[in-house]
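Listed below, chain by chain, are the residues.
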Amino acid sequence: HRVDRRQRQMCIRDRGKHIVILGAGESGVGAAILALEKGWYVFVSDKGKVKPSFAKELNDLKVEWEEGSHDEERILTADLVIKSPGIPETAPLIRSIRQKGIKVISEIEFAGYYTKAKTICITGSNGKTTTTMLTHHILKKAGFDVGLAGNVGQSLAKQVAEGDHEYYVLELSSFQLDDMFDFRADIAILTNITPDHLDRYEYKMENYVNSKFRILQNQTAEDWFIYNYDDPIIREELTKRTIPAQQAPFSLKEKIDKGGYADKQQITININEQLTMSIHDLALKGKHNTQNSLASGIASRILDIRKEVVRESLEDFVNVEHRLEFVAKVHGIEFINDSKATNVNSTWFALESMDKPTVWIVGGVDKGNDYSDLMDLVREKVKAIICLGVDNQKLIETFGGAVETILEAKSANEAVAYGYRLAKKDETVLLSPACASFDLFENYEDRGNQFKSAVRSL
């Protein structure tokens, strides 16, 4: 199966050698490195400003590139286009490329043409970064030759070009999956599906669900599908589809014979002999993190990693930055950075895990959010809200009756200063925006870093 597909891809490459890469970020520059190595004629185009570090890499490669605009005439002469996941299908340039019948793929798909590595691919609305990092941590600890790529780590294409690995753990967004066609996951993990990015899917949940399920495309009976058994959308979807891969669900509600489950005391993984460990020994706390630990543990046992190594790894893992990250305690007030929570469901998990009265910093670019799911938690746990965004009207209208104090801030410094004033000793200030960051910040990392910097200067 894999060889046939690779032969088919040779035909694509032999037809033409002109490749255009749209976007000169981590994935775009990585794709350029691999394309050059494989004999493509490369042109890189970025409508925005290219970061100095990436510009230097492109210059060192001696590839032609542009920034600030797209040379459409030149781009439309391409035999193949690799597109940054951030560029929507509705962009006029993408429409023109499609009309000309030029094939458009993601950097992950392109890298897949040139590697025989085994892949563990993780997608989902929430938990995918933590699950990816945790799975990679276990494989590294077990001595595997493993790379980390997709939405985290280095570009997959760059790693394939500069020293391919035997295994890759890949975090894949729905946008990346949309431009993947022949790629195959040896192990696919689907953490959950909740409404997110609906603005990119014509506000149709069905389109977004279909996008997530692309992680199963091309799988065979030799492959594995690990999924959240407690997620009603996934369960419903599985009744409509034929899944050739072996299935290993995980649950916090029911015992699973082939997969994994947890109760209040322990987690149990039933793959290649039973593995059990106390839930209190898990490095990551909270229900959602128990699910992430189960998914990673199941994948590791499918790969026959020793039970002791899996247990140790689940005990000593350090979580990713900007995900419920403890920043500091200032005069007894705890500051937590959850800037990576760019949707309502992520923020739901964050609020659910708060055990002290909380001042909640929320807001940014709304992606069609429905905040009603948060109302009960806000009433129960939140004492004040600080809106950190350009347009906060929807938040103010939604939560105006639920909390006494709602303030607006236009910078991380201002938000932290308000939080410090509103919270008391033994209370928490939580940045968990439920929104994208692009109105006031470069990205969620920039937002999280500015928040942490403001806290440390108190």
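Values in this document were obtained by computation on a predicted structure and should not be read as measured data.

Quick word on the overall build of the chain
Looking only at helices and strands, one finds 18 helices and 20 strands in the chain. Relative to its full complement of 458 residues, the chain shows a buried share of 58%. Partitioning the intrachain contacts of the chain with sequence separation of at least 6 by distance along the chain shows that 66% fall at a separation of at least 24. Element-wise, carbon and sulfur atoms account for 48% of the exposed surface of the chain, whose accessible area totals about 19600 Å². Distance from the positive charge centre (59 side chains) to the negative charge centre (68 side chains) of the chain: 2 Å.

Here we look at the pairing of strand 17 (residues 358-362)
Buried residues dominate strand 17, accounting for five of its five residues. Taking every second residue as pointing to the same face, both faces of strand 17 are buried, with Thr358, Trp360 and Val362 on one and Val359 and Ile361 on the other. In this structure, strand 17 lies alongside strand 18 (residues 382-388), joined through five bridges in parallel fashion. Opposite valine 362, over in strand 18, you have cysteine 387 as the bridge partner. Handedness of the crossover joining strand 17 and strand 18 through helix 15 (residues 375-381): right-handed. Both strand 17 and strand 20 (residues 428-431) contribute to a ladder of four bridges, which runs parallel. The partner of isoleucine 361 across the bridge, within strand 20, is leucine 431.

Remarks on the nonpolar core
The biggest cluster of nonpolar side chains holds 56 residues, and the ones touching the most others in it are Val42, Phe110, Leu170, Phe213 and Phe225. A per-element tally of this core places helix 2 (residues 26-37) first, with six residues. If you look at the next biggest cluster of nonpolar residues, it comprises 33 residues, including Val169, Phe250, Leu275 and Leu314.

Notes on the environment of tyrosine 371
Structurally, tyrosine 371 can be placed in the loop between strand 17 and helix 15. As for tyrosine 371 and glutamate 64, which are separated by 307 residues in sequence, their C-alpha atoms are 46 Å apart. Residues contacting tyrosine 371, with those up to four places away along its chain left out, are Val344, Asp366, Lys394, Leu395, Thr398, Phe399, Ala434 and Cys435.

Observations regarding the sheet that holds strand 2 (residues 41-46)
Taking strand neighbours across the sheet as the criterion, the five strands line up as 3-2-1-4-5 in an open arrangement whose pairing is parallel. At either end of the open sheet lies a strand with only one pairing partner, and these are strand 3 (64-67) and strand 5 (103-105). Taking each pair of neighbouring strands and ignoring which way they run, the sheet shows an average axis angle of 20°. Across the face of the sheet, helix 5 (residues 92-99) comes into contact with strand 1 (18-22), strand 4 (80-83) and strand 5 while running at roughly 155° to strand 1.

Focus on helix 5
Of all the positions in helix 5, only Leu93, Ile94, Ser96 and Ile97 are classed as buried. In a view along the axis of helix 5, the buried residues occupy a sector of 160°, so they form one face of it. Summarising the geometry of helix 5, the exposed residues directed more than 90 degrees from the buried face are Pro92 and Gln99. The secondary structure elements touched by the buried residues of helix 5 are strand 1, helix 4 (72-75), strand 4 and strand 5. Of the residues flanking the end of helix 5, it is glycine 101, one or two places downstream, whose phi is positive at about 75°.

So, the confidence of the model for the chain
Looking at the chain as a whole, its pLDDT mean stands at 92, while 95% of the residues score no less than 70. Low confidence marks residues 1-8, where pLDDT is under 50. Its contacts with residues over four positions away, or in another chain, come to 16 contacts. For the stretch residues 10-15, pLDDT sits under 50, and the model shows five contacts to residues farther than four places along the chain or on other chains.

So, the pattern of salt bridges
Should their charged atoms come close, side chains of opposite charge can pair. For the structure shown, the criterion picks out 25 salt bridges. When the shortest N-O distance is used, the salt bridge between arginine 184 and glutamate 222 registers 3.8 Å. One end of the pair, arginine 184, is in the loop between helix 9 (174-178) and strand 9 (187-190); the other, glutamate 222, is in the loop between helix 10 (205-213) and strand 10 (224-228), and 38 residues separate them in sequence. The partner of glutamate 237 in a salt bridge is arginine 241, and the shortest N-O contact between them spans 2.9 Å. Residue class for glutamate 237 comes out buried when judged on its relative accessible area of 9%. Residue classification places arginine 241 among the partly exposed residues on the basis of a relative accessible area of 29%.

How each quantity is defined
For every chain, the first residue of the written sequence is number 1, and numbering continues from 1 along that sequence. In keeping with the model being predicted, local features are shown solely for residues with a pLDDT of at least 70 and side-chain atom pairs are shown and tallied solely at 80 or more, while totals for entire chains, interfaces and linings include all residues. Calculation of side-chain values draws on the structure's entire complement of heavy atoms; hydrogens and water are dropped beforehand. Helical segments are the DSSP runs of H or I of at least four residues, strand segments are the runs of E of at least two, and each set is numbered from the N terminus. Burial classes follow relative accessibility: with a 1.4 Å probe on protein chains only, a residue under 20% of its type's maximum area counts as buried, one over 50% as exposed, and anything between as partly exposed. Residue contacts are defined here by distance: any two heavy atoms, one from each residue, within 4.5 Å place the two residues in contact. Each accessible area is a Shrake-Rupley estimate made with a 1.4 Å probe; only the visible protein chains count as cover when residues are assessed. When charges are tallied, Lys and Arg are placed among the positive residues and Asp and Glu among the negative ones, while His and the ends of the chain are skipped. Every charge is mapped onto a representative atom, which is NZ of Lys, CZ of Arg, CG of Asp or CD of Glu. When DSSP finds at least two bridges between two strands, those strands are taken to pair. The definition of a right-handed crossover adopted here requires that, viewed with the strands pointing away, the path from the first strand over the helix to the second runs clockwise. Definition used in this section: a nonpolar core is a set of buried Ala, Val, Leu, Ile, Met, Phe, Trp, Tyr and Cys residues joined via side-chain atoms within 4.5 Å. Think of each axis as a best-fit line through the C-alpha atoms, taken over the contacting stretch in the case of a helix, with angles from 0 to 180 degrees between the N-to-C directions. The directions from the helix axis to the C-beta atoms form the arc being described. In predicted models, pLDDT denotes the confidence assigned by the predictor to each residue on a 0 to 100 scale. Here, a salt bridge means any side-chain nitrogen of Lys or Arg that lies within 4 Å of a carboxyl oxygen of Asp or Glu.

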